[in-house]
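Examining the three-dimensional arrangement
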Amino acid sequence: MSMDSNPMPMPMSDPNAWATAMNNLGMAPMNMTGQPLLSDFDSGLGMMTGMNPMMPGLGYVPPPPLPHDLPIIKEIIHYQSCTLFPPNPNLPFPAMRERPPGCKTVFVGGLPENATEALIVEVFGQLGEIIAIRKSKKNFCHIRFAEEFTVDRALFLSGYRMRLGSSTDKKDTGRLHVDFAQARDDLYEWECRQRLYAREERHRRRMEEDRFRPPSPPPIVHYSDHECCQLGDKIKDEAAFAEAVHVLLTWVERGEVNRRNANNFYSMIQSSNSHIRQLMSQKATHEKELEVAKDKFKTALSGILAQFEQIVSVFHAASKQKAWDHFSKAQRKNLDMWRKQAEEIRNMQNEELMGIRREEEMEMSDDDMEDTHDPDDSGPVAQVEALKEENDSLRCQLDAYRNEVELLKQEQGKNQEHTPPQHSEEDTIRQQQLTFLQQALQGMQKQLLKMCEEMKQREAELEKSVEDKQQLEIQVQSLKEGLESLKKTRTPQLETSPRDDRGSEESADQVNLETSPRDDRGSEESADQVNEATALEVVSCSQEKESLPPEKIPSSPVYSEREALLVGIISTFLHVHPFGASIEYIFSYLQQLDTKINTGQVGALLGRLPCTFRQELTGVGASLEKRWKFCGFEGIKSK
């Protein structure tokens, strides 16, 4: 790989061109005697540093990347065995294949026929360390370098014309073409390197996850009689209750409960149940503290608002004319700005206080609604159920205490010699608890009896109210029958009235003209009476229709007031459209007024009124269409 450092007998007419070519190859420009030609040589601009064969002992360091804006000038390069002439700069750059991943191998074509492997090493060995050269008989070879960036340096020589010595024979000349080459060894090394990077990344992520993972909980101890006794004491302790309950839950889920230790587990569960009262008391204390804090906040906020009001009143007093005229223009501007800021802050604080008061009113209203919800029905039933639940819980506690007393008696009989006074004190405590529980059970039974009596009284009152309701319904029916008889007597009078319309109108006009100034008050009273009577008749008729069974209701095509309104709207719509309209057109118009209606209801309503609406077929062939028309005037004429 090394080159001879003796002076080379080659012509060099222009030393600057030689320096430029050496700089492009990344070597410090030297003359033939080994002295540098350029003192201000920038090693960062070259492609290769520390590889000058005339300067042995320097290590190989990868150069920094070349800037893109730097123009590359290719000059003549002289070697010991050959000379490289640069290509024409006006020619386009030759086409190149895509760079394979991890490429370290290049394809070199256009070699002279007399080129040897030693010549290839002499030319390309200065660019970087060569691992292998595979030369073919067809004037090309493959060169594999030790580093990837050496491939970029080798591509710099693409396009150069090589001449061996001073011979101009065709076998001694050739144009170099350097390109990327695909090699399995390069791909394998690149894949191995990528797998190594992936393993390192996975290891780094695992280390990060292990660092940020929360610590695992402590292991749960296995069940034993000793641990069970200690756990019973911990459950009664408020500070260690959470941990003890977790251990108890784990034991129960593991299936540690059996007939021998069932009483112990029952006592621990019972003590955990008794802890609920402490939790409720703690909740009550916290709620009291919250209420106190709310009151303090409201009082402080009201004080702040009062001070804001005073400040705003000061600004308003200063803005009056008797004081406002004495201020300068700048002072008035500042006063106006300060007043607006104070009013905005005051309004914000007022809105906050009003929001707090609204929340309190909403909470109070919710509480009132809960208190006043079904006082007759749900209140006693809920109280009875709550009393039953408390009675069952007290019975369970009593059974548990009895079991504990029996166990203590057995232990006292076995260990009577060791600790008799302690067992006697515990027996007295248990007996006192039993008496208290018995008294509580008796009180609960008495309350249950009282609630049962109240429920019976409520049932009797409900029966009485049902009877009163039935009597009222009978009276209403009798009134309706009387109104029907009155209507029957008035109908013949109404039938005879249309015969003599003109005469009656004239006579009525005369009578009205004569008696109008005399009986104004009497006529007003009679009109009021008639209006009241007609209103009573309408109400009675509507009630009668509602009370009558569906068999007695007179049959009518219009079932409700809503359908009557729909008939009126449809008739006016079709009257405007004399040639008729389709059911979809009518439905689209009605849907703008009522979104709940559908085409089926509209079609059924139109079909029930054949004297008012008529369906006809219009058009021929594919344009055949069913249209509805308004025929109400024809129906009136026919009748």
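Basis of the calculations
- Residues numbered from 1 in each chain as written.
- Predicted model: local features only at pLDDT ≥ 70, side-chain atom pairs only at ≥ 80, totals over all residues.
- Heavy atoms only, no water.
- Phe/Tyr/Trp six-rings, centres within 6.5 Å; stacked < 30°, edge-to-face > 60°.
- Helix = DSSP H or I, 4+ residues; strand = E, 2+ residues; numbered from the N terminus.
- Lys NZ or Arg CZ within 6 Å of the ring centre and 35° of its normal.
- Buried < 20%, exposed > 50% of the residue type's maximum accessible area, 1.4 Å probe, protein only.
- Pairing = 2+ DSSP bridges.
- Salt bridge = Lys/Arg side-chain N within 4 Å of Asp/Glu carboxyl O.
- Patch = residues over 30% accessible without salt bridge, like charges linked within 9 Å, V, L, I, M, F, W, Y side chains within 5 Å.
- Areas by Shrake-Rupley, 256 points an atom, 1.4 Å probe, with all protein chains shown as cover.
- Lys, Arg positive; Asp, Glu negative; His and termini not counted.
- Charge placed at Lys NZ, Arg CZ, Asp CG, Glu CD.
- Axes fitted to C-alpha atoms, helices over the stretch in contact; angles between N-to-C directions.
- Contact = heavy atoms within 4.5 Å.

**Some details on the packing of aromatic side chains**
All told, the structure shown has eight aromatic pairs when counted by the stated rule. Ring geometry for Phe573 versus Tyr585: centroids 5.3 Å apart, planes at 75°, classification edge-to-face. Here the residue Phe573 occupies a position in helix H14 (residues 561-576), and Tyr585 occupies one in helix H15 (residues 583-593), the gap between them amounting to 12 residues. Through a chain of ring-to-ring contacts, the aromatic side chains of Tyr223, Trp251 and Phe265 assemble into a single cluster. Its end group placed over the ring of Phe156, Lys74 keeps NZ or CZ at 5.3 Å from the ring centre.

**Quick word on the pairing of strand S3 (residues 105-109)**
Along any regular strand the residues' side chains alternate between the sheet's two faces. Where burial is concerned, most of S3 is hidden: four out of the five residues are buried. When S3 meets strand S8 (residues 177-180), the two strands line up antiparallel, connected through four bridges. Within S8, the position partnered with Gly109 by the bridge is His177.

**A short note on unusual backbone geometry**
The phi dihedral of Asn139 is positive, around 65°, even though this residue is not glycine. Within the secondary structure layout, Asn139 lies in the loop between strand S4 (130-135) and strand S5 (140-145).

**Regarding the pattern of salt bridges**
The full count for this structure, using the stated rule, is 17 salt bridges. Linking Arg339 and Asp336 is a salt bridge whose minimum nitrogen-to-oxygen distance equals 2.7 Å. Separated by three residues within a single helix, Arg339 and Asp336 lie in helix H9 (residues 329-372), roughly one turn from each other. A relative accessible area of 27% means that Asp336 is categorised as partly exposed. A salt bridge links Glu563 to Arg608, with the shortest nitrogen-to-oxygen separation between them at 2.8 Å. Of this pair, Glu563 sits in helix H14 while Arg608 is found in the loop between helix H16 (599-607) and strand S9 (613-618), placing the two residues 45 residues apart along the sequence. Salt bridges linked by common partners bring Lys104, Arg144, Asp186 and Glu189 together as one network.

**Observations regarding a positive patch on the surface**
Among the surface-exposed residues, Arg195, Arg199, Arg202 and Arg206 lie close enough to one another that they form a single positively charged patch. With respect to the helices and strands, Arg195 occurs in helix H4 (residues 184-212). Overall, Arg195 belongs to the partly exposed group, its relative accessible area being 41%.

**Description of the sheet that holds S3**
Working definition: the strands of a sheet are paired by backbone hydrogen bonds and lie parallel or antiparallel to each other. Judged by pairing direction, the sheet is antiparallel, and its four strands sit side by side in the order S4-S5-S3-S8 without closing on themselves. Every interior strand has two partners, whereas the edge strands, S4 and S8, have only one. Each strand axis lies, on average, 20° off the axis of its neighbour in the sheet, ignoring direction. Here helix H2 (residues 117-124) sits on the sheet and contacts S3, S4, S5 and S8; the angle it forms with S4, its principal contact strand, is near 140°.

Treat this as a map of the structure, not an account of what it does.
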